Every structure is written in structure tokens, then in C-alpha cells.
Amino acid sequence: MTIVPVSLGERSYEVRIEAGLLDRAGDALAPYKTNRPFLVVTDANVAAAQWHRLEAALRSAGLQAELVTLPAGESTKSWAHLEALTDRMIEHGIERRDHVIALGGGVIGDLVGFAAAIVKRGCNFIQIPTTLLAQVDSSVGGKTAINSRAGKNLLGAFHQPALVLIDPDTLDTLGAREVGAGYAEVVKYGLIDDPAFFEWCEANGRALLDGDSEARAYAIARSVAAKAAIVAEDERETSGRRALLNLGHTFGHALEAETGFSDRLLHGEGVAAGMALAFGYSVRRGECSGQDAGRVVAHLRAVGLPASLADAGIEASGARLVEHMLHDKKMSAGTLPFLLARGIGQTYLAKDVDLADVAAFLDGR
Ligand code: NAD
Ligand code: GLY
């Protein structure tokens, strides 16, 4: 088993990563037992694909659990589901020292984390992420949220989990397109500040996506370690360090908005195209070599991810895409910070970006 510590003083916790861990989760969860059954929250797809494994693990460790199954999909991150879930937690008699379990992708993790942040002014939660995106990104770091009518993730809290249990084998039941979208976030860590990991991705990304168990576990552990280091340095995204995790997200957000945040473009696919555009724009500014930007595009395409507006099926004008960016919640004091790159593994936050120039650049893609 690989154990990655997330060092945050009294909010520190472990991320444990091992193939087959879900079948042994009873041992990991036993220390959190109280006189109430565990409340396990999941969505309908994960309930069908993975719950039987956790249920058996809990039973064999003599632990009781009640399952709450919510509909699958982004629309579950809503006031209505938050209200129903918090009501259920209160009816269950949850106390602050209790641990609610989030079994699922980023949707379930974000919703359960936010519910745990507010019930009784904060109880505990444990993440058992079941998508690659959740395993390498959303389950670690304590960002929790639901969506508001005005946009995604606008209502939330920083609330760290008490433990994260990652079983890469859960990906066996996840669709290939979802795994690919999560893989974009893996590549992101190489592009931010770890060129050797990007090289590893170039050599092993295909095997990972084809289900190679060693490659999956290695990439998850390295991604989690990268995220843990950034979160330990800048838990609340105040110093700018944590903002590096948004590489590709400003361009990607515009593409997602253009496609109506629909299945036409999954979040990770938007991030993939967004990272390629961030590198392309860095070349236009004379800051990054065309060779590095070319490697990013080539790798994303080699694993079937979009690396341009055309790949993502976007025909909108640059001006329209910039308009979407202006609605991004990362806007601060009327300016939009962009994550750009001086090369692979050399991402930085640029605050001097001229949006008219970004629009002109996008018109050429
Ligand atoms: P998701 O939770 O919707 O999962 C994707 C789909 O896969 C769903 O249909 C789900 O039911 C299904 N699924 C999950 N695991 C499965 C499995 N093992 N087998 C079969 N089906 C499975 O989406 P996601 O991509 O995991 O997460 C996206 C969410 O994460 C967004 O809401 C985003 O805002 C959020 N997010 C949060 C953070 C953070 O730091 N908190 C970071 C990135 C993204
Ligand atoms: N996924 C961005 C963050 O956790 O900060």
C-alpha cells in the first residue's frame, strides 16, 4: 500500500492507495465505528457497480452501514439534494465526531463533503473516490461544494476529509471516456511542475488507460503526492500556489460553458484542450517553445483527448469564448488570472493577460 500524508496540522490525514483496498475497507474503517451504523452516500451507478464490495468488507469486519443512494450526475450537486442529505444525516442522529462516507466520483465527494462541513457545524467525512478524477484530484484537499443557479461550485466550504481510501480497481467499472477525462488531471501534474512525470505519462499513459494496474496505482500515488504538497503549502488558495492546480481550467471552462456543461465535453476533456491552449498561448507570448507545446498536444491526442478547439468540436469565436471566461469565478478585481507556461513543468500565474489578444489567439485555433 502507498500512504500519502496530507500535512495540515490538526487537520492532517492519510490517503491510502492500493489495488483491492475496497474489499479490505472494513479494517480501515473500524477505528471510526460508533454506536450508530455508518452512513454511506453514493450515486445510483456506483451503488450498482461498487457498493457490494464495500458492503461485504463492512460486514466481514462486523460493521453496520446504511446506504443513501442519490441520482448520478452533476445536477445532484444542488440545494435540493444538499437539503435532503443533511436532513437524512440529522435524522440518523449524526454527531460531530461521526464519519460519513462518500463513495463515488467528484459529485458525491463534493456534496457529502459540504454536507459534513455544515451539519452540526461540522462533522467528519471519509472519501472513497471511484473515478480517476476524484482519485487524483477532488477527493484530496478539502474543497467541497454544490452548484448555484449562477454557476458551478459557487456554494461551498473548505472541509478536509479524515481519511481517503483509493482502490484503483474501482476504475474497472468506469467507462473509458470517464477514465480518459480523469487522466487529463494526471497529465496536469506533470505540466505544472514535474517534467519527469510528464515523460512518464508519455511513456505509460496508454497502458494506464488500458487498465494496467501498476501504471494506474503509480500515477494515482504520484498525482496525490503532488496535490498533497500543494495543498499543504496553500490550503485555502491564498498564496497562488494552489491556483496552479487550475492549469487549463480557464480556457477549459470557456469550452465547457460553450457546450452547455453537457456530455458533449466532459470536464477533464475541457481541461485537456484548455491545457493545450494555455501552452499554445504561451508560445504566442514568446514564453514557451513550440516544441514543448507540440509535445503537450501530441500526448493528449495520442491518448484520445482533445487538444484544440476543433478537437473539442467548438466553432465559437474567440470573443464569445472570452465572454464565457469573464463569468469564471476566478475573476478577481476585474482581471482574469491565467495559468501559462514557460515550458513543460514550468507553469506560472500570469496577471497581465490582454483578453483581446486571447480572443485573437482563439480565432486562429
Ligand atoms: P461524477 O462523480 O459525476 O462521476 C462520473 C460518472 O461516473 C457518474 O455517472 C458516476 O455515477 C459514474 N461512476 C463513478 N464511479 C464509477 C465506477 N467506479 N464505476 C462506474 N461508474 C462510476 O464525476 P467526476 O468526474 O468524478 O467528478 C466531477 C465533479 O468533481 C464536478 O462536480 C467537479 O466540480 C468536481 N471537482 C471537484 C474538485 C475538488 O477539488 N473538490 C476538483 C475537481 C473536480
Ligand atoms: N482542483 C483544484 C483544487 O483542488 O484546488
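Just above, that's the structure.
Residues numbered from 1 in each chain as written. Chains lettered and ligands numbered in written order. Predicted model: local features only at pLDDT ≥ 70, side-chain atom pairs only at ≥ 80, totals over all residues. Heavy atoms only, no water.

Participant: Looking at this model, I keep getting lost on helix H3 (residues 51-60). Mind explaining?
Facilitator: Since the α-helix turns once every 3.6 residues, residues separated by three or four places project in the same direction. Buried residues of H3: Trp51, Arg53, Leu54, Ala57 and Leu58, and no others. Seen along its axis, H3 keeps its buried residues to an arc of 160°; they face one direction. What points out from H3, more than 90 degrees from its buried face, is the exposed set Arg59 and Ser60. On the buried face of H3, the contacting elements are helix H1 (25-29), strand E3 (38-43), helix H2 (44-49), strand E4 (65-70), strand E5 (99-104) and strand E6 (124-129). (Buried < 20%, exposed > 50% of the residue type's maximum accessible area, 1.4 Å probe, protein only. Helix = DSSP H or I, 4+ residues; strand = E, 2+ residues; numbered from the N terminus. Arc of directions from axis to C-beta. Contact = heavy atoms within 4.5 Å.)

Participant: Help me understand the environment of Ala293 in this model?
Facilitator: Within the fold, Ala293 resides in helix H12 (residues 290-302). Relative accessible area serves as the criterion here: at 10%, Ala293 is assigned to the buried category. Sequence separation between Ala293 and Val353 is 60 residues; the distance between their C-alpha atoms is 19 Å. Setting aside anything within four residues of it in sequence, one finds Ala293 in contact with Phe279, Gly280, Val283 and Cys288.

Participant: Would you mind going over the packing of helix H11 (residues 267-284) against H12 with me for this structure?
Facilitator: Axes are the key here: two packed helices are described by the angle between their axes and the distance separating the axes. Where H11 contacts H12, the axes come no closer than 9 Å and their chain directions differ by 165°. Comparing the axis directions of H11 and H12 gives the class roughly antiparallel. Handedness of the H11/H12 crossing: left-handed. Of H12, the residues touching H11 (which contributes Ala272, Met275, Ala276, Phe279, Gly280 and Val283) are Gly290, Ala293, Val296, Val297 and Leu300. Residues belonging to the contact of H11 with H12 are distributed by class as follows: 9 nonpolar, 2 polar and no charged. (Axes fitted to C-alpha atoms, helices over the stretch in contact; angles between N-to-C directions. Parallel < 35°, antiparallel > 145°, perpendicular 65-115°, else oblique. Left-handed = near helix turned anticlockwise from the far one by under 90°. Nonpolar A, V, L, I, M, F, W, Y, C, P; charged D, E, K, R; others polar.)

Participant: In this structure, what is going on with the pattern of salt bridges? I would like to understand it.
Facilitator: Pairing between side chains becomes possible if they bear opposite charge and their charged atoms approach one another. One pass over the structure, following the stated rule, counts 28 salt bridges. The residue Glu237 makes a salt bridge to Lys143 at a minimum N-O spacing of 2.5 Å. Placement of the pair is Glu237 in the loop between helix H9 (213-233) and helix H10 (249-258) and Lys143 in strand E7 (residues 143-148), with a sequence separation of 94 residues. Exposure remark for Glu237: the relative accessible area of 27% places this residue in the partly exposed category. You can call Lys143 partly exposed: its relative accessible area is 35%. The salt bridge partner of Asp357 is Arg284, with a shortest N-O separation of 2.8 Å. Here Asp357 is found in helix H14 (residues 355-363), whereas its partner Arg284 is found in helix H11, with 73 residues between them in sequence. Residue Asp357 is classed as partly exposed on the basis of its relative accessible area, which comes to 24%. (Salt bridge = Lys/Arg side-chain N within 4 Å of Asp/Glu carboxyl O.)

Participant: I'm lost on the packing of aromatic side chains in this one. Help?
Facilitator: For any two aromatic rings, the description comes down to two numbers: the centre-to-centre distance and the angle of the planes. For the coordinates displayed, the defined rule picks out 5 aromatic pairs. When the centroid spacing of 5.4 Å and the interplanar angle of 70° are considered together, the rings of Phe251 and Phe338 count as edge-to-face. Of this pair, Phe251 sits in helix H10 while Phe338 sits in strand E10 (residues 338-341), placing them 87 residues apart in sequence. A ring pair is formed by Phe251 and Phe361, whose centres lie 6.4 Å apart and whose planes are at 70°; its orientation type is edge-to-face. One end of the pair, Phe251, is in helix H10; the other, Phe361, is in helix H14, and 110 residues separate them in sequence. Taken together through their ring pairs, the aromatic side chains of Phe251, Tyr281, Phe338 and Phe361 make up a single cluster. (Phe/Tyr/Trp six-rings, centres within 6.5 Å; stacked < 30°, edge-to-face > 60°.)

Participant: Mind showing me how you'd approach empty space enclosed by the protein here?
Facilitator: To find leftover empty space, one rolls a probe the size of a water molecule over the atoms. Under the counting rule described, the total for this entry stands at 2 cavities of 30 Å³ or more. What lines the largest cavity is simply Tyr32, Lys33, Thr34, Arg36, Pro37, Phe38, Leu39, His92, Ile94, Asp98 and His99. When grouped by side-chain class, the residues that make up the lining of the largest cavity number 5 nonpolar, 3 polar and 3 charged. Space inside the second largest cavity adds up to approximately 40 Å³. (1 Å grid on protein atoms, 1.4 Å probe; cavity = no way out; pocket = protein on both sides within 12 Å on 5 of 7 lines; lining within 4 Å. Points joined across faces, edges and corners; volume = space filled by probe spheres on them.)

Participant: Whenever I open this one, the nonpolar core confuses me. Can you help?
Facilitator: Note that soluble globular proteins tend to have their nonpolar side chains buried in a common cluster. Ranked by size, the top nonpolar core spans 77 residues in total, and within it Val15, Tyr183, Phe251 and Leu362 carry the most contacts. Dropping the residues within four chain positions of it, Tyr183 is found in contact with Leu132, Cys201, Gly205, Leu208, Leu209, His299, Val303 and Leu305. (Core = buried A, V, L, I, M, F, W, Y, C linked by side-chain atoms within 4.5 Å.)

Participant: Where do I start with the site of ligand 2 in this structure?
Facilitator: In the vicinity of ligand 2, the contacting residues are Asp137, Lys143, Lys227, Glu237, Arg242 and Leu245. A distance of 2.9 Å separates an oxygen atom of ligand 2 from a polar atom in the side chain of Lys143. At 2.6 Å from an oxygen atom of ligand 2 is found a side-chain nitrogen or oxygen belonging to Lys227. Its free accessible area being 200 Å², ligand 2 has 87% of it covered by the protein chains. Here the shell around ligand 2 is composed, by residue class, of 1 nonpolar, no polar and 5 charged. (Near = heavy atom within 4 Å. Polar contact = N/O pair within 3.5 Å; in protein donor to acceptor, adjacent residues only side chain to side chain. Areas by Shrake-Rupley, 256 points an atom, 1.4 Å probe, with all protein chains shown as cover.)

Participant: Sorry if this is basic, but what is going on with the pairing of strand E1 (residues 2-6) here?
Facilitator: Two faces belong to every sheet, and in a regular strand the side chains alternate between them. As defined by bridge partners, E1 adjoins strand E2 (residues 13-17) across 5 bridges and the pair is classed as antiparallel. Within E2, the residue paired with Val4 across the bridge is Val15. Count of turn residues in the E1/E2 antiparallel hairpin: 6 residues, of which Gly9 carries a positive phi of about 60°. (Pairing = 2+ DSSP bridges.)

Participant: Is there a simple way to explain the packing of helix H13 (residues 318-326) against H14 in this structure?
Facilitator: Axis separation between H13 and H14 bottoms out at 7 Å; the angle between their running directions is 130°. Taken as axis vectors, H13 and H14 run oblique relative to one another. Helix-helix and strand crossings are classified by hand; for H13 and H14 the assignment is right-handed. Where H13 abuts H14, its residues Gly318, Ala319, Leu321, Val322, Met325 and Leu326 lie against Leu355, Val358, Ala359, Leu362 and Asp363. Taken together, the residues of the contact of H13 with H14 break down into 9 nonpolar, 1 polar and 1 charged.

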